[in-house]
Amino acid sequence: MPDQTLKQRKRSDYVYVLEYRTRWSDNDQYSHMNNSIYYHLFDSIVNTYLIEHCGLNPTTSPLIGLVVSSYCQFFAPVSFPEVLQLGLRVDRLGTSSVSYEDIPSAVGGYTHVFVDRTTRKSSALGDETKRGLQKLLPHAASDTPSSVNSKL
């Protein structure tokens, strides 16, 4: 059963917004976006934010984020050729982990644990990464002059 508080979320509950134009190939045989595509969108908005606002470079940064849990609750179908407004926020920010929440007609998210690229051992977030992610905490939204917008 879907969590009703998640279903009531609206675009203004998310600090970072990324526009995504659906593709014909996103649709499944039932003419709506395939469930697996939602996870592609979650991954894309999180990593776009980390690259643009947290100084992470996926190929060279000493820390990388590994997904250790994920979820998705679907509330309304979407399909090609819709343009989606993906939203991102941080629900929990720890020493070496972060839990995100995303929306495109569904609410989903996942937890990244940041690890050393070589040893794969859990490592504390760098200062720039932590500062960038703190901006996505819900209470930080009121401290932010306006939402951050981007296109995917």
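Residues numbered from 1 in each chain as written. Predicted model: local features only at pLDDT ≥ 70, side-chain atom pairs only at ≥ 80, totals over all residues. Heavy atoms only, no water.

Participant: Could you clarify how one ought to interpret the layout of surface pockets in this entry?
Facilitator: In this approach, a probe sized like a water molecule rolls over the atoms, and the result shows the empty space that is left. The computed volume of the largest pocket comes to approximately 160 Å³. Along the walls of the largest pocket sit 12 residues, with Arg-9, Lys-10, Ile-103, Ser-105 and Ala-106 positioned nearest its centre. Looking at the lining of the largest pocket, the elements that each hand over two or more residues are helix H1 (4-7) and strand E5 (106-116). Partitioning the lining of the largest pocket into residue classes produces 6 nonpolar, 2 polar and 4 charged. (1 Å grid on protein atoms, 1.4 Å probe; cavity = no way out; pocket = protein on both sides within 12 Å on 5 of 7 lines; lining within 4 Å. Points joined across faces, edges and corners; volume = space filled by probe spheres on them. Helix = DSSP H or I, 4+ residues; strand = E, 2+ residues; numbered from the N terminus. Nonpolar A, V, L, I, M, F, W, Y, C, P; charged D, E, K, R; others polar.)

Participant: What am I meant to see in unusual backbone geometry here?
Facilitator: Negative phi values dominate among residues other than glycine, just as trans dominates among peptide bonds. In this model, Phe-80 is joined to Pro-81 through a cis peptide bond whose omega is 15°. Note on placement: Pro-81 falls in the loop between strand E2 (63-74) and strand E3 (83-93). With a phi angle near 65°, Ser-31 is a residue other than glycine that sits in the positive phi range. Here Ser-31 shows up in the loop between strand E1 (16-21) and helix H2 (35-53). Notably, Arg-120 is not glycine yet its phi reads approximately 65°, a positive angle. Checked against the element boundaries, Arg-120 lands in the loop between E5 and helix H3 (127-134).

Participant: I'm lost on the confidence of the model for the chain in this one. Help?
Facilitator: Low pLDDT means the predicted coordinates in that region are not meant to be read closely. When pLDDT is averaged across the chain, the result is 86; 88% of the residues are at 70 or more. The secondary structure element of the chain with the lowest average pLDDT is strand E6 (residues 148-151), at 58, and the one with the highest is E1, at 94. (pLDDT = per-residue confidence, 0-100.)

Participant: Looking at this structure, I do not really get the environment of Tyr-71. What am I missing?
Facilitator: Structurally, Tyr-71 is set in strand E2. Note: C-alpha distance between Tyr-71 and Tyr-39 (32 residues apart in sequence) is 8.9 Å. Sequence-distant contacts of Tyr-71, defined by excluding residues within four places in its chain, comprise Leu-6, Tyr-39, Phe-42, Asp-91, Tyr-100, Glu-101, Val-107, Gly-108 and Gly-109. (Contact = heavy atoms within 4.5 Å.)

Participant: Teacher, can you tell me more about the environment of Pro-77 here?
Facilitator: Looking at where Pro-77 falls in the secondary structure, it is placed in the loop between E2 and E3. In sequence terms Pro-77 and His-32 are 45 residues apart; their C-alpha atoms lie 6.1 Å from each other. Those residues in contact with Pro-77 that lie beyond four places of it in its chain are His-32 and Glu-82.

Participant: Can you help me understand the pattern of salt bridges in this one?
Facilitator: Two side chains carrying opposite charge are able to pair once their charged atoms lie near each other. For the structure on display, the rule yields 3 salt bridges. Residue Arg-23 is joined to Asp-26 by a salt bridge in which the shortest nitrogen-to-oxygen separation is 2.6 Å. Judged by relative accessible area, which is 43%, Arg-23 ranks as partly exposed. For Asp-26, a relative accessible area of 0% corresponds to the buried category. A salt bridge links Asp-91 to Arg-89, with the nearest nitrogen and oxygen atoms 3.2 Å apart. Given the relative accessible area of 11%, Arg-89 is considered buried. Salt bridges sharing partners connect three or more residues here, namely Arg-89, Asp-91 and Glu-101. (Salt bridge = Lys/Arg side-chain N within 4 Å of Asp/Glu carboxyl O. Buried < 20%, exposed > 50% of the residue type's maximum accessible area, 1.4 Å probe, protein only.)

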